[in-house]
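Fold and geometry: a report
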Amino acid sequence: MSMPAASFAQTRSLSWQRLCDYLELTKPKIALLELVTVAVAAVLASAGDPNLWRVFHALIGTALIASSASAWNQLLERHTDALMERTADRPLPAGRLSVREVAILGSVGAVLGVLYLAILVNPLTAALGAITWTLYVCIYTPLKSRSHANTLIGAVAGAMPILMGWAAVGQPLDLAAATLFLIVFLWQFPHFMAIAWIYRRDYAAAGLQMLPVVDPSGLRAGGQAVLAALALLPVSLLPSMVSFAGPLYFLWALLLGSAQIVCAAIFLFRLSDSSARLLLRASLAYLPALLIWLMLGPLRTFS
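Residues numbered from 1 in each chain as written. Predicted model: local features only at pLDDT ≥ 70, side-chain atom pairs only at ≥ 80, totals over all residues. Heavy atoms only, no water.

Once that is clear, we can look at a nonpolar patch on the surface. Side chains of V111, L115, I119 and L120 sit close together on the surface and give an oily, nonpolar patch of about 390 Å² of accessible area. Looking at where L115 falls in the secondary structure, it is placed in helix 5 (residues 99–120). The partly exposed category is assigned to L115, whose relative accessible area is 46%. (Patch = residues over 30% accessible without salt bridge, like charges linked within 9 Å, V, L, I, M, F, W, Y side chains within 5 Å. Areas by Shrake-Rupley, 256 points an atom, 1.4 Å probe, with all protein chains shown as cover. Salt bridge = Lys/Arg side-chain N within 4 Å of Asp/Glu carboxyl O. Helix = DSSP H or I, 4+ residues; strand = E, 2+ residues; numbered from the N terminus. Buried < 20%, exposed > 50% of the residue type's maximum accessible area, 1.4 Å probe, protein only.)

Structure follows, in structure tokens:
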């Protein structure tokens with residue numbers, strides 16, 4: 001006896017919803033940015049001639065760890081997510097996935113990711129992946145409800161994929177790797193401050209200690225965004241001085257960095273949702289534009 005058309009359609013709809021929920025657990029936009037930083041670091045570390053299989057395996061392992069970390073982040077934050085309008089419909093607070101299910105998926109992903117990197121890439125990359133997961137899940141996530149210093153830990157975890165990509169191709173973690181790490185680390189502060197201001201009421205309702213919640217005036221958030229953007233500018237120019245970027249990159253980084261400083265200053269002096277969104281858009285454009293230019297330099301040289 002064939003399944004009635006309505007029942008089949010309902011089953012297919014439920015399966016599709018479940019697939020979408022699993023995908024949402026991984027925070028695909030964040031995961032994609034992390035994979036881009038791994039790839040950029042690998043290309044730069046190998047002077048544009050990376051071992052493509054090694055990079056491929058590094059991306060797979062990183063994706064497993066990043067997806068696991070995001071799943072555990074949502075598992076630990078399911079109660080606060082339920083209190084915020086923008087996150088209340090996530091799979092866990094909405095009740096579409098169970099705690100046990102997500103805990104199993106997140107744990108398996110973490111173990112598989114670290115083992116995958118250790119066996120098919122190298123132990124250093126696996127260790128860096130494990131440290132990244134620990135920082136994000138065990139320190140950053142619980143700290144969000146306790147201290148605005150969570151942003152600092154989150155920025156460290158967010159920049160770690162740079163070191164993973166660098167280590168994946170067998171290169172030592174030198175000054176060039178540290179420079180890239182600092183670029184991604186500093187970039188996150190204007191980005192985070194803009195998001196924290198836009199969603200400050202949600203964060204306050206959930207009891208999350210973001211800087212605009214701790215200081216409702218927004219002056220500390222705006223000041224931190226400006227200071228980080230100012231610090232990022234000279235750091236972003238360093239690649240042209242450590243032999244893996246040329247004078248055109250210097251001009252490009254100067255232009256991008258100056259534009260982001262202007263947007264951060266507008267945010268500080270206007271402190272509105274519109275100025276925060278301007279800074280958010282600028283930060284979202286800044287990092288891909290900078291990293292892709294950096295990556296294309298060695299590739300053009302190699303070709």
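Structure's up, so let's keep going.
Quick look at the environment of M160 now. Looking at where M160 falls in the secondary structure, it is placed in helix 7 (residues 150–168). By relative accessible area, M160 is classed as buried at 6%. As a C-alpha pair, M160 and E34 span 126 residues in sequence and 8.8 Å in three-dimensional space. Excluding residues within four positions of it along the chain, M160 makes contact with L128, I131, T132, L135 and F181. (Contact = heavy atoms within 4.5 Å.)

Counted under the stated rule, the structure contains 6 aromatic pairs. For the ring pair W197 and F267, a centre distance of 6.3 Å and an interplane angle of 75° mean the geometry is edge-to-face. Separated by 70 residues along the polypeptide, W197 in helix 8 (residues 175–198) and F267 in helix 12 (residues 247–270) bring together distant segments of the chain. W197 gets classed as buried once you look at its relative accessible area, which sits at 5%. Residue F267 is classed as buried on the basis of its relative accessible area of 0%. Three or more aromatic residues joined by ring pairs form one cluster here, namely F181, F185 and F189. Over the ring of Y199 we find R86; its NZ or CZ atom is 4.4 Å from the centre of that ring. (Phe/Tyr/Trp six-rings, centres within 6.5 Å; stacked < 30°, edge-to-face > 60°. Lys NZ or Arg CZ within 6 Å of the ring centre and 35° of its normal.)

Between helix 6 (residues 123–143) and helix 7, the least distance of the axes is 9 Å, while the angle of their chain directions is 170°. In terms of their interaxial angle, helix 6 and helix 7 are classed as roughly antiparallel. Contact residues: L124, T125, L128, G129, I131, T132, L135, Y136, I139, Y140 and L143 in helix 6; N150, I153, G154, V156, A157, M160, L163, M164, A167 and A168 in helix 7. When the residues that make up the contact of helix 6 with helix 7 are grouped by side-chain class, the tally is 16 nonpolar, 5 polar and no charged. (Axes fitted to C-alpha atoms, helices over the stretch in contact; angles between N-to-C directions. Parallel < 35°, antiparallel > 145°, perpendicular 65-115°, else oblique. Nonpolar A, V, L, I, M, F, W, Y, C, P; charged D, E, K, R; others polar.)

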